[in-house]
Amino acid sequence: MRILFIGDIFGNPGRRALAERLSSLIDDNSVDVCIANGENAAGGRGITANLFKKLRKYGVHVITGGNHSFAIPDNDKIFMDHPAILRPHNYPPGNIGKGTTLFTLEDGRSIGVVNLQGRTFFHETLDCPFRMGKAAIKELRETTPIIFVDFHAEASSEKIALAWHVDGLATAVVGTHTHVQTADEHILPGGTAFITDVGMTGPENSCIGMKPEGVIKRFLLQTYARFEPSNSSPMINGVIIDADDDTGKALSISRIFERLSLP
Ligand SMILES: [Fe+2]
């Protein structure tokens, strides 16, 4: 099975880039399933029901989330109603939505998808992504050996440690959230493909998506300054992972980094 994962879709530039390029990216690479992180799709914070539909129309099969998954109240409906959208699995019980799903291809093969959020330098009171992640993977493996994990986290060390923790159980663990693509993609000894961060599908000329002015002001003055999403220089960041259908082990992982010149 060939899996395409698209790094954090950020605002208008990220959505435009996918509208323009995703279907050819899928066709050119004979992709079987496309997963994308969509927690920044709406102006950098959250995702709406309308954008969820649009991303699905562009070719995304399953959309994962992160710390901004709960940013827009309209989320209630889409989280509850649709199996193709996830938020991190390790939020306390009682929250809307779910953190795992099973996606079945037209040819009958299936892939389990797990979405987790980190705690280091981040949301420290969440449940343990290591324990909850491994349990979720083991449960999904009762149905399919192919398991994809989006670990939305700040610290490289936490992402790397989680990948080692589930090496041989998950097909792939990919990091998201920091919006800067890392060049460390490789396959761990047990067969789990890993990259610390897939990067961002959004505006390259920005501070991880936002116009630099507001971000610099906050750093300089240490008080609130408004962040405005950048609208320029769209790019696509992603990875393609090949998985053995019988064992679920990763065969390869390669990065995608494309700049688009759009009107
Ligand atoms: Fe995030």
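Above this text you will find the structure in question.
Description of the structure in this document.

Rules used throughout
- Residues numbered from 1 in each chain as written.
- Predicted model: local features only at pLDDT ≥ 70, side-chain atom pairs only at ≥ 80, totals over all residues.
- Heavy atoms only, no water.
- Helix = DSSP H or I, 4+ residues; strand = E, 2+ residues; numbered from the N terminus.
- Rg over C-alpha atoms; globule rule 2.2 N^0.38 Å.
- Buried < 20%, exposed > 50% of the residue type's maximum accessible area, 1.4 Å probe, protein only.
- Contact = heavy atoms within 4.5 Å.
- Areas by Shrake-Rupley, 256 points an atom, 1.4 Å probe, with all protein chains shown as cover.
- Donors = N, O, S within 2.8 Å, 3.2 Å for Na, K, Ca; no water.
- Tetrahedral: all angles 85-135°; square planar, octahedral: opposite > 155°, others 65-115°.
- 1 Å grid on protein atoms, 1.4 Å probe; cavity = no way out; pocket = protein on both sides within 12 Å on 5 of 7 lines; lining within 4 Å.
- Points joined across faces, edges and corners; volume = space filled by probe spheres on them.
- Nonpolar A, V, L, I, M, F, W, Y, C, P; charged D, E, K, R; others polar.
- Pairing = 2+ DSSP bridges.
- Axes fitted to C-alpha atoms, helices over the stretch in contact; angles between N-to-C directions.
- Salt bridge = Lys/Arg side-chain N within 4 Å of Asp/Glu carboxyl O.
- Core = buried A, V, L, I, M, F, W, Y, C linked by side-chain atoms within 4.5 Å.
- Phe/Tyr/Trp six-rings, centres within 6.5 Å; stacked < 30°, edge-to-face > 60°.
- Left-handed = near helix turned anticlockwise from the far one by under 90°.
- Polar contact = N/O pair within 3.5 Å; in protein donor to acceptor, adjacent residues only side chain to side chain.

### Comments concerning the overall build of the chain
Of regular secondary structure, the chain possesses six helices and 13 strands. Over its C-alpha trace the chain gives a radius of gyration of 17 Å, about what one expects of a compact globule, namely 18 Å for 263 residues. With the C-alpha coordinates of the chain rotated into their principal frame, the extents come out at 50 × 40 × 35 Å. The buried share among the 263 residues of the chain stands at 53%. Of the contacts made within the chain by residues no fewer than 6 positions apart, 65% connect residues no fewer than 24 positions apart. Counting every atom, the chain has about 11300 Å² of accessible surface; 52% of that belongs to carbon and sulfur.

### With respect to the coordination of the iron ion
The reference angle at a metal is 109.5 degrees if four donors form a tetrahedron and 90 or 180 degrees if six donors form an octahedron. Taken together, E39 (OE), N67 (OD1), H152 (NE2) and H177 (ND1) make up the full set of protein donors to the iron ion, lying 2.0 to 2.3 Å away. Metal-centred angles of 87 to 163 degrees between the four donor atoms at the iron ion mark the site as irregular. Residue class for N67 comes out partly exposed when judged on its relative accessible area of 25%.

### Examining empty space enclosed by the protein
A full pass over the atoms with the stated rule returns one cavity of 30 Å³ or more. There is about 40 Å³ of room inside the largest cavity. Taken together, G38, E39, I47, I63, T64, G65, S69, F79, I85 and L86 make up the full set of residues lining the largest cavity. Here the lining of the largest cavity is built from residues that sort into five nonpolar, four polar and one charged.

### Re the sheet that holds strand β4 (residues 62-64)
Spatial ordering of the open sheet is given by β4-β3-β1-β12-β13, a layout of five strands whose pairing is mixed. Two strands in the sheet have a free side with no partner beyond their single neighbour: β4 and β13 (250-259). Going across the sheet, the axis of each strand differs from the next one's by a mean of 20 degrees, ignoring polarity. Pairing analysis gives nine bridges linking strand β12 (residues 235-243) to β13, with the strands arranged antiparallel. Across the sheet, I240 pairs through a bridge with S254, a residue of β13. The strands touched by helix α1 (residues 11-28) within the sheet are β1 (2-6), β3 (33-37), β12 and β13, with β1 carrying the most contacts at an inclination of about 165 degrees.

### Digging into the pattern of salt bridges
Counted according to the given criterion, the structure contains 10 salt bridges. Here E258 and R21 are joined by a salt bridge, their closest N and O atoms 2.7 Å apart. You can see E258 sitting in strand β13 and its partner R21 sitting in helix α1, a full 237 residues away along the chain. In this structure, R109 and D245 form a salt bridge, with 3.0 Å as the shortest nitrogen-oxygen distance. In this pair, R109 sits in the loop between β5 (100-104) and β6 (110-117) while D245 sits in the loop between β12 and β13, placing the two residues 136 residues apart along the sequence. Classification of D245 by relative accessible area gives partly exposed; the value is 35%.

### Observations concerning the nonpolar core
Formed by 30 residues in total, the largest nonpolar core has its most connected members in L4, I6, L18, L22, I47, L55 and I236. Of all the secondary-structure elements, those providing two or more residues to this core are β1, α1, β3, α2 (49-58), α3 (75-81) and β12. Every residue in contact with I236, bar those within four places of it in the chain, is listed here: I6, A17, L18, R21, L25, M200, T201, I256, F257, E258 and L260. Within the second largest apolar cluster, 23 residues are counted, among which are V113, I241, A250 and I253.

### A few points about the packing of aromatic side chains
For the structure on display, the rule yields two aromatic pairs. Consider the rings of F70 and Y91, whose centres lie 4.8 Å apart with planes at 55 degrees: the pair is tilted. Remark: Y91 occurs in the loop between α3 and β5 and F70 occurs in the loop between β4 and α3; sequence separation between them is 21 residues. Judged by its relative accessible area of 28%, F70 falls in the partly exposed class.

### Points about the sheet that holds β6
One open sheet holds the six strands; their spatial order is β5-β6-β7-β8-β10-β9, and the pairing between them is mixed. At either margin of the open sheet sits one strand with a lone partner, and together these are β5 and β9 (186-187). Here β9 runs beside strand β10 (residues 193-195); their pairing, made up of two bridges, is antiparallel. Its bridge partner lying in β10, I187 is registered against A193.

### A few points about the packing of helix α4 (residues 129-140) against helix α5 (residues 156-165)
Packed helix pairs are specified by the crossing angle of their axes together with the interaxial distance, meaning the distance between the axes. Close contact between α4 and α5 brings their axes to 10 Å; oriented N to C, the two are set at 35 degrees. Pair α4 / α5 crosses with right-handed handedness. Contact residues: P129, F130 and K134 in α4; E158, A161, L162 and H165 in α5.

### Looking at the side chain of T192
For T192, the location among the structural elements is in the loop between β9 and β10. A polar contact of 2.6 Å, which involves the side chain of T192, links it to the backbone oxygen of A170. Setting aside anything within four residues of it in sequence, one finds T192 in contact with V166, D167, G168, L169, A170, T171, A172, V173, H186 and I187.

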